[in-house]
Amino acid sequence: MEFLSVALAVVVAALSSAFSQGIATKAAMEGIARQPEASGDIRTTLILALAFMEALTLFSFVVAILLWTKI
Amino acid sequence: MDLHALQEVLEHIRPSVVFYLGPVRITTTVVNTWIIMAILLPLAYLLTRRLGTVPRGAQHLPEMVAEFFHNLLEETMGKEGRKYLPLVGTLFIFILFLNLSWFIPNMKPPTTDLSSTLAFAVVTIVLVQLIGIKKKGLKGYIKHYFQPTPFMFPLNLLEELVKPVSLSLRLFANMFGEKTVVTVLFLMVPVFCPIPVMFLGIIMGVIQAFVFSLLTVIYIANLIKGH
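Residues numbered from 1 in each chain as written. Chains lettered and ligands numbered in written order. Predicted model: local features only at pLDDT ≥ 70, side-chain atom pairs only at ≥ 80, totals over all residues. Heavy atoms only, no water.

(A) Quick peek at a nonpolar patch on the surface. Residue and element names in this part refer to chain B. On the surface, Phe 103, Val 191, Phe 192, Ile 195, Phe 199, Leu 200, Ile 202, Ile 203, Val 206 and Ile 207 cluster together into a nonpolar patch covering about 910 Å² of accessible area. Of note, Phe 192 is situated in the loop between helix 6 (153–188) and helix 7 (195–225). For Phe 192, a relative accessible area of 66% corresponds to the exposed category. (Patch = residues over 30% accessible without salt bridge, like charges linked within 9 Å, V, L, I, M, F, W, Y side chains within 5 Å. Areas by Shrake-Rupley, 256 points an atom, 1.4 Å probe, with all protein chains shown as cover. Salt bridge = Lys/Arg side-chain N within 4 Å of Asp/Glu carboxyl O. Helix = DSSP H or I, 4+ residues; strand = E, 2+ residues; numbered from the N terminus. Buried < 20%, exposed > 50% of the residue type's maximum accessible area, 1.4 Å probe, protein only.)

(B) Examining the pairing of strand 1 (residues 17–21) of chain B more closely. Residue and element names in this part refer to chain B. Bridge analysis of strand 1 against strand 2 (residues 24–27) gives four bridges, and the strand direction is antiparallel. By the bridge assignment for strand 2, Phe 19 is matched with Ile 26. Hairpin remark: strand 1 followed by strand 2, antiparallel, with two residues in the connecting loop; positive phi at Gly 22, about 70°. (Pairing = 2+ DSSP bridges.)

(C) Highlighting the packing of aromatic side chains. All names here are of chain B. Counted by the stated rule, this structure contains 11 aromatic pairs over all chains. An angle of 85° between the planes, with centres 5.5 Å apart, marks the rings of Tyr 141 and Tyr 145 as edge-to-face. For the pair formed by Tyr 141 and Tyr 145, the shared burial category is buried. Geometrically, the ring pair formed by Phe 146 and Phe 153 is stacked, given 4.8 Å between the ring centres and 10° between the ring planes. Its relative accessible area of 36% is what places Phe 146 among the partly exposed residues. (Phe/Tyr/Trp six-rings, centres within 6.5 Å; stacked < 30°, edge-to-face > 60°.)

This is how it looks when you write it as structure tokens:
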């Protein structure tokens, strides 16, 4: 049961961050398709935004690892 | 997975003590950082020994990195951004090599240890604050905490304090997670199964090194330009 809670912590975070990353990437790709000359700018901003979203998953991952070692 | 398996996994990831220097523990993190430095210094010397105006051969490689960050700095800060190229470029190359060092067999990469990434982040953030003080003067620097309205002071302070934490945790957790996944997969199915994840590890290492230096650039630009 405790392991389930640890797994759930990562799963929920990964699910939501994957969803938001998908939305962000979709918007960026539409932007590139509409305006290919701005692709460099968009790419840098996209990577930055993705890194910020990824960080939240990773924080919960660290918390899960800490919980796992406690059990 | 029971506790025994967990111990086995963490043994492959956690830094272990190599030797004692008086009361100070010298872990694999420090030793591996020394090894990377020993690789990186001769490499830098060899690659930049005979610099020509027209690059040829191996000179393309460092020039590509330098040009990329040069363009990035000019886009974000204009002409004065050029002098931060050594800082940002060094951070990128050093972190890249640390991240990719886990393809050396039996090597525990130093970036999977929180203490080393925290050191990177604290050094970077302190340097960024010093650059801000130098550019704006002490008065202007203190003033930027009260920028839109004085009410925002706690939030601005919190923002500055959270920066090193998020910067170090991002790098640490990425590399730690990558290594954990590969180790668990390797313990379950040793043949072929970890290879795709290892490819992902290469991409992740490059992107995380890039994100670290990109965030440094953006913090500097924020502080110089002001809100």
